[in-house]
Amino acid sequence: MTNQWLQHILHQVIELVGRAGVLLAEECERPGGRRRSGDKAEIDVEIEVLLRAELLALVDCDWWGEETGHILTGYPFCWMVDPNDGTSDFLRGLAGSAISVGLLHDGKPVLGVVHAPVTPSGISDCIAWAEGMDHLLRNNNRIVVDLSDQKLSETATVMVSAAATGKPDINNQLCAPAEFYAMPSIAYRLAKVAAGDGVCGISLYPVSAHDVVAGHALLSGAKGVLIGEDGTPIQYTTEATMAKVSGRVFGGAPDACSELNKRDWSKVFE
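Sequence order as written defines the numbering, with residues in each chain counted from 1. Per-residue local features are limited, in this predicted model, to residues with pLDDT of at least 70; the limit for side-chain atom pairs, both in listing and counting, is 80 or more; totals at the level of whole chains, interfaces and linings are taken over all residues. To obtain the side-chain values, all non-hydrogen atoms of the structure were included, while hydrogens and water were left out.

## Some words on the overall build of the protein chain
- Looking only at helices and strands, the protein chain features 8 helices and 15 strands.
- The atom set for the radius of gyration is the C-alpha atoms, and the globule formula is 2.2 Å times the number of residues raised to the power 0.38. What you see for the protein chain is a C-alpha radius of gyration of 17 Å, in line with the 18 Å of a compact globule of 270 residues.
- Overall, the protein chain is about 45 × 45 × 35 Å in size when its C-alpha atoms are taken along their principal axes.
- A 1.4 Å probe rolled over the protein chains alone gives each residue an accessible area, and that area as a share of the maximum for its type sets the label: buried under 20%, exposed over 50%, partly exposed in between. In the protein chain, which comprises 270 residues, the proportion classed as buried is 54%.
- Here the analysis covers contacts within the protein chain between residues at least 6 apart in sequence; of these, 59% occur between residues at least 24 apart.
- Of the roughly 11400 Å² of accessible surface on the protein chain, 50% is carried by carbon and sulfur atoms.
- His is not counted, nor are the chain ends, whereas Lys and Arg count as positive and Asp and Glu as negative. Every charge is mapped to an atom, namely NZ of Lys, CZ of Arg, CG of Asp or CD of Glu. Averaging the locations of the 21 positively and 35 negatively charged side chains of the protein chain gives two centres separated by 4 Å. Here a strand is any run of E in DSSP of at least two residues, a helix any run of H or I of at least four, and the numbering for each starts at the N terminus. For this analysis, residues touch if any pair of their heavy atoms sits within 4.5 Å. Reported accessibility uses the Shrake-Rupley method at a 1.4 Å probe radius. Residues are deemed covered only where the shown protein chains occlude them.

Listed below in structure tokens is the structure:
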């Protein structure tokens, strides 16, 4: 593996994810509404089947997908895919769910693409990075973000789940002195933080590797971290830890993540 090879692969993944994003955007505008089977969106499976065939043609390696299962053989590389992170909010009609594609090498995130084809602003957003790059790509434009020294301040923003709109007071208190921004998709929360839109992205619910590997890669490209509820860096070492990475995750500026992790987030559920 060379960094140059990874960066070549990255541009192909961006193109592929862009095509998948068109399908997701079309589903959002479907005349009969967004198709569902119980709590599942039918478009999720369709997108993952497309991604699985083309990603494995690009790098024939292990696979972990939300919808089509996983194959873990011990091969050094593994694709980590969520075809529509934020499905429940997507089915409620909210904008901001995202396609998340990450690549692990020996358990380390080395490539990530997170693409939200429909956002509240109405503009599609694709954030990408591969190991060896000193910048991220946002909609194919170079951006440089350094989260390493950023703090939780009055000018900072903390990205939290869409449910936070229902409990603004407690979320204001827990994110202070920063503001909170409520949105679907932990993958897109982490991506927006990596792109400089916030200081920390949080999930208070258990996440799997397919939810966060791509965002974790992007944070690496912005000198950020991803930690679990115990305060230690997230790792992807066994099938069990990939199925449940952590009960809570905090991704972004190291100081902000550490500070926010110490707060009593159980108050949100009271």
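## Regarding the sheet that holds strand β6 (residues 98-105)
- Strand pairing is assigned whenever DSSP detects at least two bridges linking the two strands. Ordered in space as β4-β3-β5-β6-β7-β8-β9-β10, the 8 strands form an open sheet in which the pairing is mixed. A strand with exactly one partner marks an edge of an open sheet, and here the two such strands are β4 (70-71) and β10 (141-143).
- In terms of strand pairing, strand β3 (residues 62-65) meets strand β5 (residues 77-85) through 4 bridges, oriented parallel. Across the sheet, the residue bridging to Asp62 is Cys78, located in β5.
- Across the sheet, helix α1 (residues 3-28) lies against β5, β6, β7 (108-116), β8 (125-130) and β9 (136-138), angled at about 30° from β7, the strand it touches most.
- Only the contacting stretch of a helix is used when fitting its axis, a line to C-alpha atoms as for every element, and angles between N-to-C directions run 0 to 180 degrees. Across the face of the sheet, helix α2 (residues 42-58) comes into contact with β3, β4, β5 and β6 while running at roughly 155° to β5.

## Some thoughts on the nonpolar core
- Nonpolar cores were defined as sets of buried Ala, Val, Leu, Ile, Met, Phe, Trp, Tyr and Cys residues, with membership established by side-chain atoms within 4.5 Å. Formed by 92 residues in total, the largest nonpolar core has its most connected members in Trp79 and Tyr236.
- Here this core takes 10 residues from α1, the largest share from any one element.
- If sequence neighbours within four positions are ignored, Tyr236 has contacts with Leu104, Gly107, Pro109, Ala209, Val212, Val213, His216, Leu226, Thr241, Met242 and Val245.

## A few points about the environment of Phe180
- In this structure, Phe180 sits in strand β12 (residues 179-182).
- On the basis of relative accessibility, which here comes to 19%, the residue Phe180 falls in the buried class.
- In this structure, the C-alpha to C-alpha distance between Phe180 and Ala156, residues 24 residues apart in sequence, is 8.6 Å.
- With residues up to four places along the chain from it excluded, the contact list for Phe180 reads Val158, Val160, Ala164, Pro168, Asn171, Asn172 and Cys175.

## Details of the layout of surface pockets
- One number sums up the size of the largest pocket: a volume of about 450 Å³.
- Taken together, 25 residues line the largest pocket, and the ones lying closest to its centre are Asp85, Gly86, Thr87, Ser88 and Arg189.
- For the lining of the largest pocket, the elements supplying multiple residues, two or more each, are β5, α3 (87-91) and α5 (186-194).
- Class assignment of the residues belonging to the lining of the largest pocket gives a composition of 7 nonpolar, 7 polar and 11 charged. Only protein atoms enter the 1 Å grid used here. Points where a 1.4 Å probe fits but cannot escape make up a cavity, open sets with protein on both sides within 12 Å along at least five of seven lines make up a pocket, and a residue lines them when an atom lies within 4 Å of a point. Grid points are joined across faces, edges and corners, and a volume is the space filled by probe spheres set on the points. Three classes are used: nonpolar for Ala, Val, Leu, Ile, Met, Phe, Trp, Tyr, Cys and Pro, charged for Asp, Glu, Lys and Arg, and polar for all others, with Gly counted as polar.

## Quick look at the pattern of salt bridges
- Counted as salt bridges are all cases of a side-chain nitrogen of Lys or Arg within 4 Å of a carboxyl oxygen of Asp or Glu. This model, assessed by the stated rule, comprises 13 salt bridges.
- Across the pair Arg35 and Glu46 runs a salt bridge whose closest N-O atoms are separated by 2.9 Å. Here Glu46 lies in helix α2 and Arg35 lies in the loop between α1 and β1 (36-37), a separation of 11 residues in the sequence.
- Glu46 sits in the partly exposed class, given a relative accessible area of 37%.
- One salt bridge connects Asp125 with Arg138, and the closest N-O pair in it is separated by 2.7 Å. Residue Asp125 is found in strand β8, and its partner Arg138 is found in strand β9; the two are separated by 13 residues along the sequence.
- Shared partners join several salt bridges into a network, and the residues in it are Asp125, Arg138, Lys192 and Asp197.

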